[in-house]
Amino acid sequence: LNLQFVPTMPKTDYKVQVLSDDALAINLVAGKSWPLASDEGTDLYLSSLIDDRKGNMNQLESPTVIARVIPTPTVMHGGEKVIYMTGTTRFNINGTGFRAKTMELIFDPPLEKDVDYMLNTRSSTHMQLMLRSGRKWRSDGEPGPLKLRRIDTGAGDLRIDAKYGGVTVAEVQVDLGAHGVTVESAADHKLYQGDPELTVRGSGFNNTISLNTLKWGNSLRGKGVNYTITKASGSALTLSLKPGSVWRSNPANLPGPLKLLAVNAGVGLVPVGPTEAKKGRTVATIFEDPAITANPQQTVYQTHTHELWVTGRGFTRGAYGTKLDFDPPLQVGIDYVMMVFNRTHLLISLLDGRKWAPNTGILRVVGVDTGAGAFKRFQPVAVAHVASDADDHPSGLTVARTASQILYQTAAIRKLEIQGSSFCQGPSLTFQPPLTDGVDYSITRATSEKLSLTLKSHKKWRYEAGPLYLTSIQCGSDAPVELAYGQGIVVATVLADPTIEASERKIYATHTKRLIVQGSGFSLDGTELTLRPTSRSSYEVESVEMAEMVLILKEGKSWAPAKTKDDGKPVSIYVTKIDTGAGEVVMEDDGAIVARVFPDPSGAVCDDSCEWALDGVCDDGSAGEDREVFDDDYGGFYGYDDDYYGGYGYDYYGYGDDDDDFLAPVCEKGTDCTDCGGADPDAPTVECTNTCQWANDDYCDDTRTSGLCDLGTDCHDCGPASKGNFTTFDDDGWWDDDENYWDDDYDWENYDSADDDAPHVAFIKSTPNPKSRANLDDVKGVGGVFMMLLEGIVVGVGALMCAIGSWFAHKFYKGEKLPFELLAPPSAAEEAAMLSGGKANVPITPDVAYTGKG
């Protein structure tokens, strides 16, 4: 057989073995290599196959790809790298030929990928391992070497340093005392952005202030940049904010958590939360520094003006709420009600029969609390000028302010009633926004003290929700009587017609704890729904926004009564009525469907035992792809991105490379039930799609191999989910020529073949670590050159002295005369002469002092 390959492969590099009529093996000769044109891999084509018995004709119709050649990986020895059992959160392995998709590693002691550690291949020469929460770098818990025994980058297992049981990639030591740092969560500790002091409580802190370093989730920096640690003990750190800095900078995300990710108490940064999700610990909830915009030119009349807009920043609503203190005093719920629209605008509505102030003058806000207590740095601000009401008309005609009268835009549940005095029988009314008598409404009853108006069919009291003003009344040919200087008096508050958006979202009878109902026209002050068949006693209203309500299931309750779910069929939940403040609106037909309730999946474990349960974010990975499930801090649930102080980012303290590309669940599936809804073991699987991001690359990437994609989503490469016709790229199952054609240069003395009997492709050696002591001679830096010169001088001087000593010894041994005389010690007479004589023959002169002057 004569074969030709592309890329070209000399005949001396391989041997051909005929296995059967339809199979032959091409075996590499020892010391040779398969052709490789690119580090990314090369397709090896068989371009010609000629059988001499059949002439010189090529038996192939066209060139055929027979293999994919990829670089043989190498792994660098860890040298003297030391990691701690749990205190080290990640470490790197260097080498060559690493591939992102197909990396499989086997360690001793065993470590399981995605269970004990997460693997991130950052380049062909660098991969990073990150320890999962609650795991150890050595599964046996004992200190010692962590060895990498095998590596597979896509072409089968390669055994590394088999003689030594693998290559040591790190030395694992027991955790030091300072690795036991813990931090207490303190979400209830509330601070404003600029509050001067923050206390972090926990254990294991260093008593020496300078030895404590903190790593935050929002680029907050210590050492005087944003704050300074002023007090330190084993159980608490006190931080003082630098003037001009803030604890969190992005007001759009506030109130929000201040996350502490790691603490360095002297032995390196120790994570205080799971690093694979960067959750950290919430040491405080930060509120925006509130401020009120001064507006003394805004005029309100003592009783005629219904609303007062207040602008500023930092306003909150919902779970926190905003409180204002006025001068002259006004009491919420007695004198006024307040609605916060967003962080910069709130509306104060005067209640019927109350006044903005007992006398005319300036109305001031003298205090504000948006959730973190009274803001101590607040200065009084004038928000309006209170003026006297307009005088009553000489005719005695008056109109009472009835803002508490609530109407829907179109729902004709109630009539509009206008109260006052001295009304005529057929008045002409002027409204703002405009309404026309006989077109939009009709006056159905008129007395001297009350007018009743009925809305016409298909008309609206207002096209947008808001107050309805009566600005003037005219009786017959008399001149119109303007009300409140033409500004008008509020006679009703019009609410938007509520709507419910139909949805058939899947929920479970008890495992799903939250039901989201979407629509429009919901009132922030309170909205009530009537559900069928779910009773009102089964749930509470957790939150209300203008277009969304969140209902939370009570403990021990179910979304569907037992008698309706026993047959195993889904039960639909309908909203049949809704009341946003102007009365109940009955939905058309049977109501709007908002969910379908399925029986709790059999065998599904669902509880809230996860440490981070009940935080509004799914942390066990069971919520599916349509939710942000892992990342609380960096753009997920909280939109948490405060990288404000110069863009120092996540790695400012060397905590590790930014690993947002491989975040992971931090809890076991089914242990964050309220936030995730529970895993469904009976959920249907995908049979055959190519939605996997690695589809159509000739590698099977679903759960049957690497697990990079869900089962059935890489159909082109793996086949349908119900079949098993995927390729594992391991040919040792049907022929094995490794022992015949692989030769290695290992010294097999003392090698135990039972060390690892699993099938493998070949043996490889690790590469030395240039930083280990055995390789210091290879380091050619300035220090290295100096040491080499110093060693050379020492060796040279030593050699010279040895040579001279040897020469003297040789002369003495032979009795030969030296080329110079050795000096003899002086006699006693010579010594006495030297001590008594030898006076200097020079004149004695006095000491002379020189001053430096001429």
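Treat the numbers as computed from the prediction; the structure is a model and nothing was measured.

Here we come to the overall build of the protein. In terms of regular secondary structure, the protein is built from six helices and 50 strands. Sorting the 854 residues of the protein into buried and exposed places 43% on the buried side. In the protein, 66% of the contacts between residues at least 6 apart in sequence involve partners at least 24 apart.

Of all hydrophobic cores here, the largest spans 29 residues; its most connected members are Ile500, Leu515, Leu529, Leu551 and Trp559. When residues of this core are traced back to their parent elements, those giving at least two are β33 (406-408), β43 (514-520), β44 (528-532), β45 (539-545), β46 (548-553), β47 (571-579) and β49 (592-598). Residues within four places of Leu529 in sequence aside, it is in contact with Ile500, Val517, Arg536, Tyr539, Met549, Leu551, Val575, Lys577 and Ile578. In terms of nonpolar packing, the next biggest core, distinct from the first, is built from 28 residues, Leu308, Leu330, Val381 and Val383 among them.

Attention shifts here to the sheet that holds strand β36 (residues 441-446). The pairing of strands in a sheet happens through backbone hydrogen bonds and is either parallel or antiparallel. Across the sheet, four strands lie side by side as β32-β34-β37-β36; this open sheet has antiparallel pairing. Bordering the open sheet on either side are β32 (398-399) and β36, each of which pairs with just one other strand. Judged from the five bridges that link them, β36 and strand β37 (residues 450-455) form a sheet pairing that is antiparallel. Across the sheet, the residue bridging to Ile443 is Leu453, located in β37.

A few words on the pattern of salt bridges. Applying the stated criterion across every chain yields a total of 17 salt bridges. The partner of Asp195 in a salt bridge is Arg377, with the nearest N and O atoms 3.1 Å apart. Taken together, the residues Asp195 in the loop between β16 (190-192) and β17 (197-203) and Arg377 in the loop between β30 (361-369) and β31 (381-387) connect sequence positions 182 residues apart. Residue Glu584 is joined to Lys577 by a salt bridge in which the shortest nitrogen-to-oxygen separation is 3.7 Å. It is possible to trace a salt-bridge network through shared partners that takes in Asp195, Asp289 and Arg377.

Turning next to the side chain of His126. Turning to its location among the elements, His126 is positioned in strand β11 (residues 126-131). Residue class for His126 comes out buried when judged on its relative accessible area of 18%. Only 3.1 Å separates the side chain of His126 from the side chain of Asn92, close enough to count as a polar contact.

The next thing to look at is the sheet that holds strand β28 (residues 336-340). With respect to topology, four strands assemble into an open sheet ordered β24-β26-β29-β28, the strand pairing being antiparallel. Edge positions in the sheet fall to β24 (291-292) and β28, since each has one partner strand and no second. One ladder, built from five bridges, connects β28 with strand β29 (residues 345-350); its direction is antiparallel. If you follow Val337 over to β29, its bridge partner there is Ser349.

Summed over the entire model, instances satisfying the criterion amount to two disulfides. Through a disulfide, Cys424 is tied to Cys475; the S-S separation comes to 2.2 Å. As the torsion about the S-S bond is roughly -95°, the Cys424-Cys475 disulfide counts as left-handed. Here Cys475 lies in strand β38 (residues 466-475) and Cys424 lies in the loop between β34 (416-421) and β35 (427-432), a separation of 51 residues in the sequence. For the pair formed by Cys424 and Cys475, the shared burial category is buried. Residue pairing for Cys688: its cysteine sulfur links by disulfide to Cys715, the two sulfurs lying 1.8 Å apart. Its S-S torsion of about -90° marks the bond between Cys688 and Cys715 as left-handed, since a negative value means left-handed. In this pair, Cys688 sits in the loop between α2 (673-676) and α3 (715-718) while Cys715 sits in helix α3, placing the two residues 27 residues apart along the sequence. Classification of Cys715 by relative accessible area gives buried; the value is 9%.

Moving on to unusual backbone geometry. Here the residue pair Val6 and Pro7 is connected by a cis peptide bond, since its omega of -5° sits within 30 degrees of zero. Summarising the element assignment, Pro7 is placed in the loop between β1 (2-6) and β2 (14-20). For the bond running from Asp327 to Pro328, omega is 0°, close enough to zero to count as cis. Among the secondary structure elements, Pro328 is positioned in the loop between β27 (323-327) and β28.

This paragraph deals with the packing of aromatic side chains. Tallied over the entire structure, the rule returns 13 aromatic pairs. Consider the rings of Phe287 and Tyr320, whose centres lie 4.8 Å apart with planes at 85°: the pair is edge-to-face. Of this pair, Phe287 sits in strand β23 (residues 281-287) while Tyr320 sits in the loop between β26 (307-313) and β27, and the two are 33 residues apart along the sequence. With a centroid separation of 5.7 Å and an interplanar angle of 80°, the aromatic rings of Phe431 and Tyr441 are classed as edge-to-face. In this pair, Phe431 sits in strand β35 while Tyr441 sits in strand β36, placing the two residues ten residues apart along the sequence. With a relative accessible area of 3%, Phe431 lands in the buried category. The exposure class of Tyr441 is buried, given its relative accessible area of 1%. Grouping aromatic residues by their ring pairs yields a cluster made of Tyr192, Phe287, Tyr320 and Phe375. Between Lys506 and the ring centre of Phe598, over which it is positioned, the NZ or CZ distance is 5.0 Å.

Further remarks concern the environment of Gly154. Here Gly154 shows up in the loop between β12 (144-152) and β13 (158-160). Along the primary structure Gly154 and Arg99 are separated by 55 residues, whereas in three dimensions their C-alpha atoms are 8.0 Å apart.

A word on the pairing of strand β9 (residues 104-108). Only one face of β9 is buried, namely the one carrying Leu105 and Phe107, since none of Glu104, Ile106 and Asp108 on the opposite face is buried. Here five bridges tie β9 to β12, and the two strands are oriented antiparallel to one another. In the sheet register, Glu104 faces β12, and the bridge partner there is Asp152.

Together, Ile793, Val797, Leu800, Met801 and Ile804 give the surface a local cluster of nonpolar side chains, amounting to about 480 Å² of exposed area. Summarising the element assignment, Leu800 is placed in helix α5 (residues 782-814). Look at Leu800 and you get exposed, because its relative accessible area is 52%.

On to the confidence of the model for the protein, then. With 78% of its residues at a pLDDT of 70 or more, the protein shows a mean pLDDT of 80. Below pLDDT 50 for its whole length, residues 625-662 participates in 128 contacts with residues either more than four positions away or in separate chains. Across residues 727-754, confidence stays below pLDDT 50; counting only partners more than four residues off in sequence or on other chains, it has 38 contacts.

Structurally, the position occupied by Ser203 is in strand β17. Classification of Ser203 by relative accessible area gives partly exposed; the value is 30%. Distance in space between the C-alpha atoms of Ser203 and Gly180 is 7.8 Å, their sequence separation being 23 residues. Those residues in contact with Ser203, other than ones at most four positions away along the chain, are Gly180, Val181, Thr182, Gly234 and Ser235. Of note is the side chain of Ser203, whose polar atom sits 2.5 Å from the side chain of Thr182.

Next up on the list: the environment of Gly396. Secondary-structure assignment places Gly396 in the loop between β31 and β32. Distance in space between the C-alpha atoms of Gly396 and Ser422 is 5.9 Å, their sequence separation being 26 residues. Dropping the residues within four chain positions of it, Gly396 is found in contact with Ser421 and Ser422.

Cut-offs and rules
Counting starts from 1 at the beginning of each chain's written sequence and moves along it residue by residue. Where totals are concerned, whole chains, interfaces and linings use all residues; where local detail is concerned, this predicted model gives features only for residues with pLDDT of at least 70, and gives and counts side-chain atom pairs only at 80 or more. As a rule here, side-chain values come from all non-hydrogen atoms in the structure, and water together with hydrogens is ignored. Counting from the N terminus, the helices are the DSSP runs of H or I reaching at least four residues and the strands are the DSSP runs of E reaching at least two. The buried label applies to any residue whose accessible area, calculated with a 1.4 Å probe on protein chains only, is under 20% of its type's maximum; exposed applies above 50%, and partly exposed to all values in between. Working rule for contacts: check all heavy atoms of both residues, and any pair within 4.5 Å makes them a contact. Nonpolar cores are built from buried Ala, Val, Leu, Ile, Met, Phe, Trp, Tyr and Cys residues. Side-chain atoms within 4.5 Å join them into one set. Strands qualify as paired when DSSP identifies two bridges or more between them. Salt bridge, as used here, is a side-chain nitrogen of Lys or Arg placed within 4 Å of a carboxyl oxygen of Asp or Glu. The definition of a polar contact used here is a pair of N or O atoms within 3.5 Å, where within protein one atom must be able to donate a hydrogen and the other to accept one, and adjacent residues in sequence count solely through side-chain atom pairs. The disulfide definition used here is simple: a pair of cysteine sulfur atoms within 2.5 Å. Stacked, tilted and edge-to-face pairs are distinguished by plane angle, under 30 degrees for stacked and over 60 for edge-to-face with tilted covering the rest, among Phe, Tyr and Trp rings (Trp via its six-membered ring) whose centres lie within 6.5 Å. Charge over a ring is defined by NZ of Lys or CZ of Arg lying within 6 Å of the ring centre and within 35 degrees of the ring normal. A patch consists of residues exposed above 30% relative accessible area that lack any salt bridge, with like charges linked at up to 9 Å and nonpolar side chains (Val, Leu, Ile, Met, Phe, Trp, Tyr) linked at up to 5 Å. Surface accessibility follows the Shrake-Rupley procedure with a 1.4 Å probe radius. Residue values consider only the protein chains on display as shielding. The predictor rates its confidence in each residue with pLDDT, a number between 0 and 100.

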